Amino acid sequence: MPEKPLTVATYAAGASLAAITLFYVFAPNFTIDSDTNSARKKGVVGLTNLANDCFINSVLQALAGLTDLRIYLIRENHRRKIDEAWVYEEIVSDPAYKNNPDWKTHGLQAGLVTRGLKEILDALNERPIYKKTISAGPFIRVLENAFKQRISRQQQDAQEFLQVVAERLCDEYHAGRRARQAARDKADSTATTTNSSEPIDEEAVEERLARLAVNGNGNGNRNGSTGAAQNARDTPKADTESLAARSEDEDGFPMEGKFESQIECQKCGFKPKPTESTFCTLTLNVPQTSSSSLNACLDGLFKTEYIDDFKCEKCRLVHAKALFEAQLARSTSESFRRKIQDAIAKIQHAIDTDPEKPPTDVELPPLQDAPTYRIAKHTRLTGFPKIMAIHLSRSIYNSISQKNSAKVSFPEKLQMGGLLNHKKYKLLGTVTHKGSHHSGHYESFRRQNVSLPFSTPNTFQPSGVFTKSATSSAASTPRVAATQGSGDPSPVASTPDLGFSSTAGSSNQSVDTLPRPSTDSTSQAPHPTTTTSNSRRSPPFPPIKDRESDGISLKSVTASARSTVSRLSHSARNSRPGSPAGKTPTTPTTANGTASMSVPKAVQARRRKQNNRWWRISDEKIKEAKTSEVLGMQREVYLLFYELERESPAES
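Residues numbered from 1 in each chain as written. Predicted model: local features only at pLDDT ≥ 70, side-chain atom pairs only at ≥ 80, totals over all residues. Heavy atoms only, no water.

**Q** Is there a simple way to explain the overall build of the chain in this structure?
**A** Broken down by element type, the chain carries 17 helices and 18 strands. When each of the 652 residues of the chain is scored for burial, the buried share is 37%. (Helix = DSSP H or I, 4+ residues; strand = E, 2+ residues; numbered from the N terminus. Buried < 20%, exposed > 50% of the residue type's maximum accessible area, 1.4 Å probe, protein only.)

**Q** Would you explain the pattern of salt bridges in this entry?
**A** Side chains that differ in charge, positive against negative, can pair when their charged atoms come close. In the structure shown here, the tally under the stated rule is 21 salt bridges. Of the charged contacts in the structure, one is a salt bridge between Arg150 and Glu144, with a shortest N-O distance of 4.0 Å. For Glu144, a relative accessible area of 14% gives the class buried. Put simply, Glu76, Arg79, Arg80 and Arg180 are held in one network by salt bridges that share partners. (Salt bridge = Lys/Arg side-chain N within 4 Å of Asp/Glu carboxyl O.)

**Q** Just to check I follow, could you spell out the side chain of Gln61 for this structure?
**A** Here Gln61 lies in helix α2 (residues 54-64). At 3.0 Å, the side chain of Gln61 and the backbone oxygen of Val45 are in polar contact. In contact with Gln61, not counting residues within four places along its chain, are Val45, Gly46, Leu47, Leu124, Ser444, Arg446 and Ile617. (Polar contact = N/O pair within 3.5 Å; in protein donor to acceptor, adjacent residues only side chain to side chain. Contact = heavy atoms within 4.5 Å.)

**Q** Is there a simple way to think about unusual backbone geometry in this case?
**A** Trans is the common state for peptide bonds, and a negative phi is the common state for residues other than glycine. In this structure, Asn52 takes a positive phi of about 55° despite not being glycine. Residue placement: Asn52 occurs in the loop between β1 (46-47) and α2. Exposure remark for Asn52: the relative accessible area of 35% places this residue in the partly exposed category. The phi dihedral of Lys148 falls on the positive side, at around 55°, and the residue is not glycine. Tracing the sequence through the fold places Lys148 in the loop between α7 (137-147) and α8 (158-197).

**Q** Help me understand the environment of Asn145 in this model?
**A** Note that Asn145 resides in helix α7. Sequence separation between Asn145 and Val113 is 32 residues; the distance between their C-alpha atoms is 9.3 Å.

**Q** When you look at the packing of aromatic side chains in this model, what are you seeing that I'm missing?
**A** The description of two aromatic rings rests on the distance between their centres and on the angle between their planes. Overall, the coordinates contain five aromatic pairs when judged by the stated rule. Summarising the aromatic geometry, the rings of Tyr72 and Phe253 are spaced 5.3 Å apart at their centres and angled 70° between planes, so their arrangement reads as edge-to-face. Taken together, the residues span a long stretch of sequence, with Tyr72 in helix α3 (residues 67-82) and Phe253 in the loop between α10 (222-248) and β3 (257-265) at a distance of 181 residues. Here Phe253 falls in the buried class, since its relative accessible area comes to 4%. Here the aromatic residues Tyr72, Tyr173 and Phe253 are joined through ring pairs into a cluster of three or more. (Phe/Tyr/Trp six-rings, centres within 6.5 Å; stacked < 30°, edge-to-face > 60°.)

**Q** Just checking my understanding: could you explain the sheet that holds strand β7 (residues 305-310) for this structure?
**A** Strand pairs in the sheet, formed through backbone hydrogen bonds, run parallel or antiparallel to each other. Reading across the sheet, the four strands line up as β4-β3-β8-β7 and stay open at both edges, with antiparallel pairing between neighbours. With partners counted over all chains shown, the strands left at the sheet margins are β4 (275-279) and β7, one partner each. The average undirected angle you get between the axes of adjacent strands in this sheet is 30°. Pairing between β3 and β4: five bridges, direction antiparallel. Residue pairing in the sheet places Phe259 in a bridge with Ser277 of β4. (Pairing = 2+ DSSP bridges. Axes fitted to C-alpha atoms, helices over the stretch in contact; angles between N-to-C directions.)

**Q** Looking at this structure, how should I read the pairing of strand β8 (residues 373-383)?
**A** A regular strand places its side chains so that they alternate between the two faces of the sheet. Here eight bridges tie β3 to β8, and the two strands are oriented antiparallel to one another. Residue Glu264 lies in a different strand from β8, and its bridge partner there is Ala376. Here β7 runs beside β8; their pairing, made up of four bridges, is antiparallel. Paired with Glu305 across the strands is Lys377, a residue of β8.

**Q** When you look at α2 in this model, what are you seeing that I'm missing?
**A** Note on helix geometry: an α-helix contains 3.6 residues per turn, so any two residues three or four positions apart are oriented the same way. With respect to burial, α2 is a largely interior element, eleven of its eleven residues being buried. Those residues of α2 that sit buried are Cys54, Phe55, Ile56, Asn57, Ser58, Val59, Leu60, Gln61, Ala62, Leu63 and Ala64.

Written as structure tokens, this is what we have:
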């Protein structure tokens, strides 16, 4: 048969091409990611320290390991790129800071620091094969350009630098949101003006809709056309509502949280309206003891605080009412008594309704004469940020400034909130300080997790970085195994004998014994020679004798390709120092020889081990550490970075 050599050659060429393609696609990721002893993974990108920059380097390295922060930076920069340029060029002033100069507002709307921080964090999250060190100089120049002042390169506080960066990012987010909202309002007003200046020709609309109704149904409906015209007039309103709903769906700055303070007078029990404030870093005072804990420091912030000599608004009105009643009892003038009675009635109305709004037409006694009482102050968190940045204040101010070197134990998993609003946080980074209050050195610990932009669980699927349900993953590109598909066979599934799966039988088995993909979703033919009338099944196969000769040739070609891939992978693994010899990637199989997608126990153990691994970074010096070593830095810990755990966290 003249087509037989051509068929064998085609199969051989396809198998060889598939083998080469699979090796060049998956071998680099596999050889770097799968070996835990690889010397190429013994570090991350470091930062040079040219002029006392350890306070900058430590904070940037800690921020580089925060997944939610990196997702926010990607989304915010992407949002500013896809929007029109004029949206952020028109100045929209902040109602709270109306005196800000235009250059500062324009810089906030442009997102200068947001873009600069994304670039430096992207560079720090590269996976270098060999030692690599970069400089934080470009980001420092971005900050100096944003604030139009130079940053001192003397000994500085890492918490102050973190607060400057975090608050600037928060201000840029709100400035960008105000600019987008102003652009929506402008578009809505333009659409409304257009509609009002050019009214809809109802007769033309009704005539056209009636013509369409006749063409479609053979019956014109005047009421339906009138309703359609009404819907046409209501379209701008619907668009406005959808734009407003879209603006409410924006994810805010992940480090911004909210807390409210409530005071209560211990004399009259009056509670003014709570004062709500926002924060980007939560500052906790370390008690002056030999040892303490993070929970104790949190209790010190949120415990009830009693303050003496406070002037309550309600008590002031009650005091004024008592004075007016005393004057009323002594007075004999009818006009004066009516005036006093009117003032007492107004004061009583203010006491009953809102003591914080005293009557404006009644002259109250001077504020310095108002009585003072004791109040209780309560503070609680009302908005939990995605990233909880905690600053442990170790400063002691007596005659001289000193550092509080008390041990502060902190957990790997932090529980926040109450029973109805319970939150779980996971420790992702710390900044430690060694030295005195005036000098020393900062280091950072960073958990070894691969952030979303560089984690590719499935190489051939789009990344989910712009979705709200995106989760981080420490797993690298998984091993690809031949599977039995239910649809059109992929190149991987159509070449199951290329060395990426192992079978229960011999490695030189015939092609006839290999599982074939079928497009039937209900059943599969028990024998290749069985014929049915179902058009969804695979086409009939050639006779057995012809397939045996083709199978022998294809078997030899695929076996040769498999051995070539195995030798290349084996040589690549053994060429690195410290890599174990003789370890080749295998995929677990089921009883019938098909590849299984279950994760091997060795991979699960490696993931659990990787969850216990950290980077200890001191400028350009980088080494590995364990969780126990991180939690043991109780005397040196200064900044803590916790990230909110998702409902279904991936293994990291």
